[in-house]
Amino acid sequence: MDHLEIDSASPFYKFLDKLLALMHNSCTQREKKEYIAVTRLLKMKKLSFFMIMVVVVMLFAESQVSQAVTCNPRQLSPCLGAITSSAPPSATCCSKLKEQKPCLCGYLKDPSLKQFVSSPGARKVASACGVLYPTC
């Protein structure tokens, strides 16, 4: 199999390094070890292009599976007090809101949930938690 010289200044190397770093931020311990191994291989500069792509795809697929969210609006119950009053959101509320962020558009499309998710209080809580309000 042909080997590809990968210069650490090349755009390809920088792309792979950024992609791996992004995945590393939300990885499990095992995935972090794999990230370190791939980074070391990249620094050796002599790898088969095919091998690099296989490893990157595998790591990306694993990180996507580990990030799967079960949409459950009841998970946002710790935010109820902050949404309905002037109280700041708790750390638990913000954590749950960040976990449920991929679900917010679905909640906005649900007539029984839309009034709560689109309320000024919900927008205030999202802002206080650093979660961008979705534009669906």
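Presented here is a report on the structure given in the accompanying data block. Being a predicted model, the structure only gives us computed values, none of them experimental.

Rules behind the numbers
Residues numbered from 1 in each chain as written. Predicted model: local features only at pLDDT ≥ 70, side-chain atom pairs only at ≥ 80, totals over all residues. Heavy atoms only, no water. Core = buried A, V, L, I, M, F, W, Y, C linked by side-chain atoms within 4.5 Å. Buried < 20%, exposed > 50% of the residue type's maximum accessible area, 1.4 Å probe, protein only. Helix = DSSP H or I, 4+ residues; strand = E, 2+ residues; numbered from the N terminus. Contact = heavy atoms within 4.5 Å. Arc of directions from axis to C-beta. Phe/Tyr/Trp six-rings, centres within 6.5 Å; stacked < 30°, edge-to-face > 60°. Lys NZ or Arg CZ within 6 Å of the ring centre and 35° of its normal. 1 Å grid on protein atoms, 1.4 Å probe; cavity = no way out; pocket = protein on both sides within 12 Å on 5 of 7 lines; lining within 4 Å. Points joined across faces, edges and corners; volume = space filled by probe spheres on them. Nonpolar A, V, L, I, M, F, W, Y, C, P; charged D, E, K, R; others polar.

### What to know about the nonpolar core
So, step 1. In this structure, Leu-97, Leu-104, Tyr-107, Val-117, Val-125 and Cys-129 are the most contacted members of the largest nonpolar core, which totals 16 residues.
So, step 2. Elements represented by at least two residues in this core include exactly α5 (91-100), α6 (104-109), α7 (111-117) and α8 (120-129).
So, step 3. Beyond its immediate sequence surroundings of up to four residues, Val-117 is in contact with Leu-104, Tyr-107, Leu-108, Ala-122 and Tyr-133.

### Regarding α5
So, step 1. Within α5 the residues assigned to the buried category are Cys-93, Cys-94, Leu-97 and Gln-100. For α5, the angular spread of buried residues about the axis comes to 135 degrees, placing them on one side.
So, step 2. Lining the buried residues of α5 we find α6 and α8.

### Section: the packing of aromatic side chains
So, step 1. Counting across every chain of the model gives zero aromatic pairs.
So, step 2. The aromatic ring of Tyr-133 is capped on one face by Arg-123, whose charged end is 3.9 Å from the ring centroid.

### Remarks on the layout of surface pockets
So, step 1. Taken as a whole, the largest pocket encloses approximately 370 Å³ of empty space.
So, step 2. Considering the residues around the largest pocket, the lining is formed by 18 residues, among which Pro-73, Leu-76, Ile-83, Phe-116 and Val-117 are closest to the centre.
So, step 3. Mapped onto the lining of the largest pocket, the elements with two or more residues apiece are α4 (80-84), α6, α7 and α8.
So, step 4. Split into classes, the residues belonging to the lining of the largest pocket amount to 16 nonpolar, two polar and no charged.

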